[in-house]
Every structure is written in structure tokens, then in C-alpha cells.
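Each chain, written out:
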Amino acid sequence: MRTLWRIIAGLFKWTWRIVNFVREFILNLFLLFLILVCVGIYFQLNSASTPAETPRGALKVDLTGVVVDKPTVSNKLSKLGRQLLGASSDRLKENSLFDVVNAIRQAKDDKNITGMVLELRDFAGADQPSLQYIGKALREFRDSGKPIYATGDSYSQAQYYLASFANTVYLSSQGTVDLHGFATNSLYFKSLLDKLKVTSHVFRVGTYKSAVEPFLRDDMSPAARESDSRWIGELWQNYLNTIAANRQITPQQAFPGAQGLLDALQKVGGDTAQYAKESKLVDELASRAAVDLLLAKKFGYSQQQHDYNNISIYDYTLKDSANKGGNIAVILANGAIMDGEEAQGSVGGDTTAQQIRDARLDPAIKAIILRVNSPGGSVSASEVIRQELAAARTAGKPVVVSMGGMAASGGYWISTPASYIVASPNTLTGSIGIFGVINTVENSLDSVGVHTDGVATSPLADIATTKALPAEVQQLMQLSIENGYKNFLGLVAKSRNKMPEQIDQIAQGHVWTGSDAKANGLVDALGDFDDAAAKAAELAKLDHYQLVWVQDEPGLLDTLLSQFDASAQALLPQALKAYLPAPVAQVMSDMHKQPGLFNHLNDPQNRYAFCLTCGDVR
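Residues numbered from 1 in each chain as written. Predicted model: local features only at pLDDT ≥ 70, side-chain atom pairs only at ≥ 80, totals over all residues. Heavy atoms only, no water.

### Points about empty space enclosed by the protein
Summed over the entire model, instances satisfying the criterion amount to 4 cavities of 30 Å³ or more. Volume-wise, the second largest cavity comes out at about 50 Å³. In terms of lining, the second largest cavity is formed by R121, T151, G152, D153, Y170, L171, S172, A286, S287, R288 and V291. For the lining of the second largest cavity, the elements supplying multiple residues, two or more each, are strand 6 (148-152), strand 7 (168-171) and helix 12 (288-299). (1 Å grid on protein atoms, 1.4 Å probe; cavity = no way out; pocket = protein on both sides within 12 Å on 5 of 7 lines; lining within 4 Å. Points joined across faces, edges and corners; volume = space filled by probe spheres on them. Helix = DSSP H or I, 4+ residues; strand = E, 2+ residues; numbered from the N terminus.)

Pasting the structure below:
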């Protein structure tokens, strides 16, 4: 018996040793793999930082995804991911506006770049000021004498805006140039909230402050409709004026209106490609293969690439500019403004304030440019940023605000300390107003037999989403909102050298385009980022300057996680839709598209300076 136990114990002993050996062997292999990956990444980053000789040919601007001021993944890590994982058509990809413009400008003076090809089939779009800024760089490239060719099976409005800057625009014989206009759409929840017996306590100041209307109405108010119709009409007219000038036609020819378009299409039997050519929106109708042959004749053919000689804008190495003199810090406020640290796609009040403080205390920084592309958000976070920017100006450092697609509500709040404000004609700004929303569900719970009760030392302490909001709390909230609005007016009036009563006439939540804001005295000049940089140098008395981009670089892990998150966002909704009734799936999708309504409400006093419709122009 003892011998049997020895045999069994020995068997277990050797089995355990073998299992341990296999485990350690696998772990060591995995560790070795990680070391090799890290070494590979290190050398890739080092090689990426060393500019390589650009092959002679075209710069292929094959933009994928959207263009934003501040991508969640840095350009260097994005290029590394492309090298390691390969290129993919990802319409969720974010591209840096400034990297795109700098690449085009560098290519203009690059002797190896003999032309450009705009291949925009995977380009998902950008806001109007960003498109305008890229268009400016394309015009500079074209004016240098280097040709630009645009090729596409079809063109969306954003794609065609850039394509219109080309010398020659090609379109597939089965394609279309989809010009249809701009629109805004929001969901309204009053009836739904009534059915759910949710009580929405809304506090606001501003006739045109429409961000709270989804809680109060089932449709757009006449005041909001009048306001939105005005600025969206201006954006569309500016769009048409630009493409018409590029194509040397009239805006009416570019888009004759819905009925005019239908009449013209009837004349060509519904052939959208032929209509585009006859309307001079494109120059030639040609297949991909035919365009490839034409481009190969122009730029030469690469046997290695099996394509015309070109380099993708994603593989084109941007060279570091030599230090020209004094440093100007560029700080990006991109997204909804939230309290606390920065999260992807938003402006963290604490993070941005710290960046401004670092620039203020750095003796090498002679001026600050705050690039604002935000619909606003938390009043508390906006004030934290504003105070730090005001401190920088008090310290003697000029502060210039460059407005991007949006600098509305809280986005304008943080702009008020600026020495000078530059906005694009297409910037959406203003929206000077305050609101607060507190939802309670006491009636919902009551309908299913659930009740809340308790004691409190005062009505101000008796606040819960499960109980009716005390009248005293409602009065306190309204007073707080009115005080916030009064402070907002005072800040704007002081910065624009006007009386609060004068600002109130153009405030009330009114959204203005950059052109109207200039006419109303809310901004100092119309222009783009280049104009803001030049003004900052002028105010700092710098003949030569170097831009220092102040931003936290995400690490490799952040890059991988963001790619996973993007893939999940792309796949999960489609999977869910397979199990949901079509109307429900569409409502969920539309609710997700509404910027900031549910994801960015974290102000400690429930006070918000936010423009709901500014970021939802399609």
C-alpha cells in the first residue's frame, strides 16, 4: 500500500514539474515576444523621426476619417500603428488639421513632389473652418505651379469642397456630386418624459438658448428656428461661394435649388454624372483604371507599387522646423468643456488650466494662442480656464484666441480674456446664455408603487432624484442661473469694451457666424490660424517665432485602446440593431449623435453654457 502511494505521489510530483516547466516556458516566450515588440517599436519611432528622402512623384492626399483640431491619437503613434498593423479604411480615424495643412505646405516646396492627387473616397468630413483652412493650403500648392488632380467614384459635400480646389476633377461615369445643403436635427423628449412621468426642472436665461428645448418641447421653438435658419443659411452660402469661385461658375450653377436640380436631372435622364459634367462641377468622367493611366503618364509608373509614383500623406514625413526665435505656446481646447481632467474628445478644465499656467510661468514662452473649437459645457470648468488665461495676460503675455468650427457658449466664455480674437467667417460663436437641468423621477416611481420619504434639517438638504424638487431649491437654482448669466454678460462687456445692456441685446443665447460676430463686435478680426499666429507674434514683438504645441501625447497603450474603442463603436451598434426594432435602433443612434447632452453634464452647480445645435450640422 505504501509503495502504491509512493508511485501516485511520484506521478503527481513529476506531473506538477512538467506543468510548471510548460507554464514558465510559455511565459518566457511571451516575455521575449514583448521585448522584441518594444525593441521594434523603439527603432520604428527612431526611424520615423529621421526624415527619409521623398520619392519623386505626387503627394496622394488619401484622407481617411475626419479632420479635427486635436486627434485622440498622436500623428507619430498613428503612423506607427499604420506601419505595424497596416493601412485600413477607418471612417472613425481622426486626422490633425494642422498636420494636414503642414504636409501640403511642405510638399509645395518639396522638389520631389511634382503634383498632388486628392483621393477622398474615405474622407468623412470636417467643420467648415477646417475645410477652409485646408483649402487655403491647396490653393497655395496650386498657385505654386504644381497641378492638383481630384479623383472619386462620388463626392460628398465635404469631399467636393476640397476637390473643387483641383485643376482637374475626375468622376466615375456612375457617380454623383452630392450637393444638397446643410441641416440641423435634434431629438425632442417632452412626450417621452411625460409618458415616463419624469419631471424635468429646467432653469435658463436667454430667449435663444435652445439647448434645453428637448426637455420642454416636442419641436423647435419659433425663436430657435429663426436663429438656426439664419446662421445655417450663411454657412451654406459661404460654401457655395467658395466652390463656385474655384470652378469659375456662379453659386446658382453650383446648386440651382431642389427644384432646379430635379429639372436639370430630368433633362439628362437622371444621369447624375452627366449632370455634374454639364454643370461644370467636374471636368472628366472616367473609371478608376482610366484615371490611373492618366496619372501614370503624368507622374510615371512604379513597378514596385504597381501604381503611379506617389507617396501617401500618411507616409510623408513632416520635418521639424528650425527654431526661428521666440516661442509661442499653442493650447488646444477641443470638445465639450468638462470639470476635472481631460477625457478623450473633451476639454478638461483642470488640464487646460494647468497647460495655460505652465505656459504663463515658462520664461521661454512669449505669447499664448488658445485654439478654441468647443460648443461649451460646464460653467465651473469654463471659469477655471478663463481665470488662468486672464492671469497669463495680467502677467504680460499676449493671449490670442483662434476660433475653429465652434467657440460658442462656454467656448466664448473662455475666450473673453484674450488680447485679440480671430474667427473664421464660418465659425459658430456667441450663444451667450446659461441653463440648468435637474430631472426627478418621483412620479415614475409612484406609478409602480415605490415611494421615498425621510427627514431633513432644511428643504435645501432634501434633494434627491427620487423626490419632488423643493420650491426653495428651484428658486435657488433660478437665482444661480440668472447670476451666471449676469456674470457672463459682465465678462463679455468688459472684454469688448461695451455695456452689459449692449451685450444683452446680442446675447440671449443667440448663435452668430464669425462674420456676424465681427459685425457685432464679439471678435476682432476674420481669419484663420495663420492670422492668429501672426497677431500673437506682433503683440509679443517677435520678428521670428516658433510655435510650441502644448498637449499631452497619448502613449502606445492609449493608441491601442482607442483603436479597440473605435472598432467597438463601429461594430456594437450594428450588432445591437439586429436585435432591435428599426425605430428603436434609429432613436438610439440619433440620441448618441447629440453632442454633450448626456455625456458632458458634470458641473457641480448644474449650470451650463452649451450650444446644442452648433456641433450637429450635416
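### So, the packing of helix 13 (residues 349-361) against helix 14 (residues 379-394)
For the pair helix 13 and helix 14, the least separation of the axes is 8 Å and the interaxial angle reads 5°. Put simply, helix 13 runs roughly parallel to helix 14. Packed against helix 13, whose contacting residues are G349, D350, T352, A353, I356, R357 and R360, the element helix 14 presents A381, V384, I385, E388, L389, A391 and A392 at the interface. (Axes fitted to C-alpha atoms, helices over the stretch in contact; angles between N-to-C directions. Parallel < 35°, antiparallel > 145°, perpendicular 65-115°, else oblique. Contact = heavy atoms within 4.5 Å.)

### Overview of the pairing of strand 2 (residues 65-68)
Both strand 2 and strand 5 (residues 123-125) contribute to a ladder of 2 bridges, which runs parallel. Opposite G65, over in strand 5, you have F123 as the bridge partner. Two elements, strand 2 and strand 3 (residues 94-96), share 3 bridges in a ladder whose sense is parallel. Opposite V68, over in strand 3, you have S96 as the bridge partner. (Pairing = 2+ DSSP bridges.)

### Observations concerning the sheet that holds strand 9 (residues 284-285)
The parallel open sheet is built from 6 strands, whose spatial order is 9-7-6-4-1-12. Both outer strands of the open sheet, strand 9 and strand 12 (310-312), are each paired with one neighbouring strand and no more. Where strand 6 and strand 7 come together, 4 bridges link them in parallel fashion. Opposite A150, over in strand 7, you have V169 as the bridge partner.

### Let's talk about the pattern of salt bridges
Scanning the entire structure with this criterion turns up 23 salt bridges. Measuring nitrogen to oxygen at the nearest pair gives 2.5 Å for the salt bridge that ties D530 to R105. Of this pair, D530 sits in helix 20 (residues 529-539) while R105 sits in helix 3 (residues 97-108), and the two are 425 residues apart along the sequence. Residues D109 and K108 are paired through a salt bridge, measuring 3.2 Å at the closest nitrogen-oxygen approach. Residue classification places K108 among the partly exposed residues on the basis of a relative accessible area of 22%. Each of R105, K136, E140, D528 and D530 takes part in one network of salt bridges that share partners. (Salt bridge = Lys/Arg side-chain N within 4 Å of Asp/Glu carboxyl O. Buried < 20%, exposed > 50% of the residue type's maximum accessible area, 1.4 Å probe, protein only.)

### Comments concerning unusual backbone geometry
One non-glycine residue, S409, lies in the positive phi region at around 50°. Secondary-structure assignment places S409 in the loop between strand 18 (399-408) and helix 15 (410-413). Judged by relative accessible area, which is 0%, S409 ranks as buried. Its identity as a non-glycine residue notwithstanding, S431 has a phi of 50°, on the positive side. Looking at the secondary structure, you find S431 in the loop between strand 20 (428-430) and strand 21 (434-440). A relative accessible area of 2% means that S431 is categorised as buried.

### Let's talk about the sheet that holds strand 3
Spatial strand order, 3-2-5: 3 strands in an open sheet with parallel pairing. In this open sheet, the two strands that pair with only one neighbour each are strand 3 and strand 5. Strand-to-strand twist of the sheet, defined as the mean angle between neighbouring strand axes without regard to direction, takes the value 40°. Here helix 3 sits on the sheet and contacts strand 2 and strand 3; the angle it forms with strand 3, its principal contact strand, is near 55°.

### Details of the environment of N327
Within the secondary structure layout, N327 lies in strand 13 (residues 326-334). The class of N327 is buried, set by a relative accessible area of 15%. A sequence separation of 210 residues divides N327 from A537, and the C-alpha atoms of the two residues are 9.1 Å apart. What N327 contacts, discounting residues up to four positions off in sequence, is A364, I365, K366, A367, Q546 and V548.

### Some points on the side chain of D528
Its location among the elements puts D528 in the loop between strand 23 (525-526) and helix 20. Here D528 falls in the buried class, since its relative accessible area comes to 17%. A distance of 2.9 Å separates the side chain of D528 from the side chain of K136, its partner in a polar contact. Non-local contacts of D528, meaning those with residues more than four positions away in its chain, are made with Y133, K136 and V422. (Polar contact = N/O pair within 3.5 Å; in protein donor to acceptor, adjacent residues only side chain to side chain.)

### Points about the pairing of strand 18
Counting buried residues in strand 18 gives 10 out of 10 residues, a clear majority hidden from the surface. As defined by bridge partners, strand 16 (residues 365-374) adjoins strand 18 across 6 bridges and the pair is classed as parallel. Looking across to strand 18, one finds that I369 is bridged to V400. As defined by bridge partners, strand 18 adjoins strand 19 (residues 420-423) across 4 bridges and the pair is classed as parallel. Bridging from a neighbouring strand, V401 pairs with I421 of strand 19. Where strand 18 and strand 20 come together, 3 bridges link them in parallel fashion. Residue pairing for strand 20: A408 is matched across the bridge by G430.

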